[in-house]
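Chains, contacts and geometry: an overview
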Amino acid sequence: MAPIDDPHNGVGRLARELREGRSRRGLTRRELASRINRSLTTIQRAEAGEVRPTLLVAREIAEACGIGADDIEILWKKASRLGRGHRMTDAPRLNLVRTSADLAAALRRVWEENGEPTSRQMEERAEARSKDFAPLSRMSAWRIRERKQPVTSVRQMHAYLIACEVPEESFPGWVKAWQRAKRDERRTPRPAPAPAPGHPRRKVTPSEAFSFMLQAGLKPLDPFPGQMAPWTAMCTTCSSISRVRYSKVKMGIGCRICLRDAA
């Protein structure tokens, strides 16, 4: 077993604790991997002290090796702070989520807390459980974690949480948070952005454009960028997210998915 390069930084201390816990149990890496139903590579990476494992993997190893769950979580969080140059996203506790912004921050935070998986990893994890939940595209995974797209359904949120390896027992709390955010969204209409001082009035106002898009079955997710610029919108029929131009929607060209299915 190669020595840890820096056993005194956050990631190194976490790896050392995982190694020592396994050693106290008298387990080989292969035996531990079999016990928690993970690959040998996952155990090797967790103990290498080069990258931080996901919180779920750290917890599973801790339980199998008799390491205190609270102790390992403290080490894991310290490894996060020392392993990167920025703080984690400020987000309310799940039971305090009330708005779409709260939920977006919480979803960003849970991605950070579980090792910041790549979009490819998130897509693959969701696909592996798609029969139980739903698939998740790389673009949707990226847009949700970057707070550029709201979660559009419970199934999509489940897929995102699976992609972040969030324990399934916490899913009911996430569903309640999503429902509270949706209720707040319905109560609070999205205000149209005011034109900048001295800016000439557009031929189409943002509120007019927003209303027309809704009538066309597209819910805008960003402020009105102008008639010719790409505008992110969600289809109210199939819930897909796409970039459309207001001028094209006026011509009857809306959701490409629905147009393709109708062809």
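An account of the accompanying structure is given in this report. (Residues numbered from 1 in each chain as written. Predicted model: local features only at pLDDT ≥ 70, side-chain atom pairs only at ≥ 80, totals over all residues. Heavy atoms only, no water.)

1. What about the overall build of the protein chain?
- Along the protein chain, the regular secondary structure elements total 13 helices and 3 strands.
- For the protein chain, the residues scored as buried account for 41% of the 263 residues in total.
- In the protein chain, the proportion of contacts linking residues at least 24 apart, taken out of those at least 6 apart, comes to 50%.
- Only carbon and sulfur atoms are counted for the fraction: they give 51% of the accessible area of the protein chain, which is about 15100 Å². (Helix = DSSP H or I, 4+ residues; strand = E, 2+ residues; numbered from the N terminus. Buried < 20%, exposed > 50% of the residue type's maximum accessible area, 1.4 Å probe, protein only. Contact = heavy atoms within 4.5 Å. Areas by Shrake-Rupley, 256 points an atom, 1.4 Å probe, with all protein chains shown as cover.)

2. A few points about the pattern of salt bridges
- Tallying each qualifying case throughout the model produces 14 salt bridges.
- Among the ionic pairs, Arg38 bridges to Glu60, the shortest N-O distance being 2.8 Å. Taken together, the positions of Arg38 in the loop between α2 (29-35) and α3 (40-48) and Glu60 in helix α4 (residues 55-65) put the pair 22 residues apart, joining distant regions of the chain.
- Residue Arg38 is classed as partly exposed on the basis of its relative accessible area of 23%.
- The exposure class of Glu60 is partly exposed, given its relative accessible area of 22%.
- Taking the shortest distance from any N to any O, the salt bridge between Glu168 and Arg129 comes out at 2.9 Å. Of this pair, Glu168 sits in the loop between α9 (154-163) and α10 (171-187) while Arg129 sits in the loop between α7 (119-128) and α8 (138-145), and the two are 39 residues apart along the sequence.
- One salt-bridge network, held together by shared partners, links Arg38, Glu60, Arg125 and Glu165. (Salt bridge = Lys/Arg side-chain N within 4 Å of Asp/Glu carboxyl O.)

3. Comments concerning the pairing of strand β2 (residues 230-235)
- For β2, the tally of buried residues reaches 5 of 6 residues, placing the bulk of the element in the interior.
- Inspection of the sheet shows strand β1 (residues 218-220) paired to β2 by 3 bridges, in the antiparallel sense. Following the sheet pairing, Pro220 is matched in β2 by Ala233.
- Bridging between β2 and strand β3 (residues 241-245) involves 5 bridges; their strand directions are antiparallel. Its bridge partner lying in β3, Met234 is registered against Ile241.
- In this antiparallel pair of consecutive strands, β2 and β3, the connection spans 5 residues, and Ser239 shows a positive phi of 70°. (Pairing = 2+ DSSP bridges.)

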